[in-house]
Amino acid sequence: MNAMPTYRIAPSILSADFARLGEEVRNVVIAGADIIHFDVMDNHYVPNLTIGPLVCEAIRPHVQVPIDVHLMVKPVDRIVPDFAKAGANIISFHPEASEHVDRTLQLIHDNGCKAGLVFNPATPLHYLEHVMDKLDLILLMSVNPGFGGQSFIPETLKKIAAVRKLIDQSGRDIMLEVDGGIKIENIAQVARAGADTFVAGSAIFGKADYKTVIDAMREELAKA
Ligand code: DX5
Ligand code: ZN
């Protein structure tokens, strides 16, 4: 029998109260979050504008868990060292947003962070073919990036299964994270498809009691 995989819950602070961000990240970690997911949008690569390195630096002293920076920006390279200095632990980017994907992965590592590639619902997986050995994380979008609170796109389940196979074949320790529309009701299905790391924004920060939601998600994962 296979050992139960290590599941990680990564609340996205996109749905947190930005006026009280320090308190929000502390509370969500106390409630059981494993990772803080930090969505960076530039009103260019995606049609929304959010937070940058200064905010990452501001929340860094409030929590010990890894900060997982999801860059939805184009171009990518200029901003990478700023996030590393601001205390990011993982930096991921969309391959369409970088002219030189391999170079950007190298740049993230050179700055002391783990590196990830992010795939939109319609982005093919062929970008993975020649860079598996440089990845620490693969992030599959289960919504189109830009906004919280959208519905999970079911087609993603097949993609998760395909990436799980590629990771297992590679024999490398690569996190498989899924982002968008994850809730208590569907997290087990996403885990069964092969994901191990679950981003949830509105499902957690949209509720008054974060611990109740995270506990319920873990119960679902235990059954998956
Ligand atoms: C969307 C972001 C997500 C977002 C998820 O572009 O990358 O991280 O916060 O929000 P929910 O969980 O509400 O779909
Ligand atoms: Zn995200």
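Residues numbered from 1 in each chain as written. Chains lettered and ligands numbered in written order. Predicted model: local features only at pLDDT ≥ 70, side-chain atom pairs only at ≥ 80, totals over all residues. Heavy atoms only, no water.

### Comments concerning the pattern of salt bridges
Point 1. Taken as a whole, this structure holds 12 salt bridges when the rule is applied.
Point 2. The partner of Arg-20 in a salt bridge is Glu-24, and the shortest N-O contact between them spans 3.7 Å.
Point 3. The exposure class of Arg-20 is partly exposed, given its relative accessible area of 33%.
Point 4. With its nearest N and O atoms 3.2 Å apart, the salt bridge here joins Asp-196 to Arg-164. Pair noted here: Asp-196 is in the loop between helix H6 (187–193) and strand E8 (197–200) and Arg-164 is in helix H5 (residues 156–170), with a separation of 32 residues, a long-range link.
Point 5. A relative accessible area of 10% places Asp-196 in the buried class. (Salt bridge = Lys/Arg side-chain N within 4 Å of Asp/Glu carboxyl O. Buried < 20%, exposed > 50% of the residue type's maximum accessible area, 1.4 Å probe, protein only. Helix = DSSP H or I, 4+ residues; strand = E, 2+ residues; numbered from the N terminus.)

### A look at the site of ligand 1
Point 1. Lining the immediate environment of ligand 1, one finds 20 residues, of which Ser-12, Asp-39, Asp-179, Gly-201 and Ser-202 sit closest.
Point 2. Here an oxygen atom of ligand 1 and a side-chain polar atom of Ser-202 are 2.5 Å apart.
Point 3. Elements supplying a minimum of two residues to the shell around ligand 1: strand E2 (36–41), strand E3 (67–72) and E8.
Point 4. When grouped by side-chain class, the residues that make up the shell around ligand 1 number 8 nonpolar, 10 polar and 2 charged. (Near = heavy atom within 4 Å. Polar contact = N/O pair within 3.5 Å; in protein donor to acceptor, adjacent residues only side chain to side chain. Nonpolar A, V, L, I, M, F, W, Y, C, P; charged D, E, K, R; others polar.)

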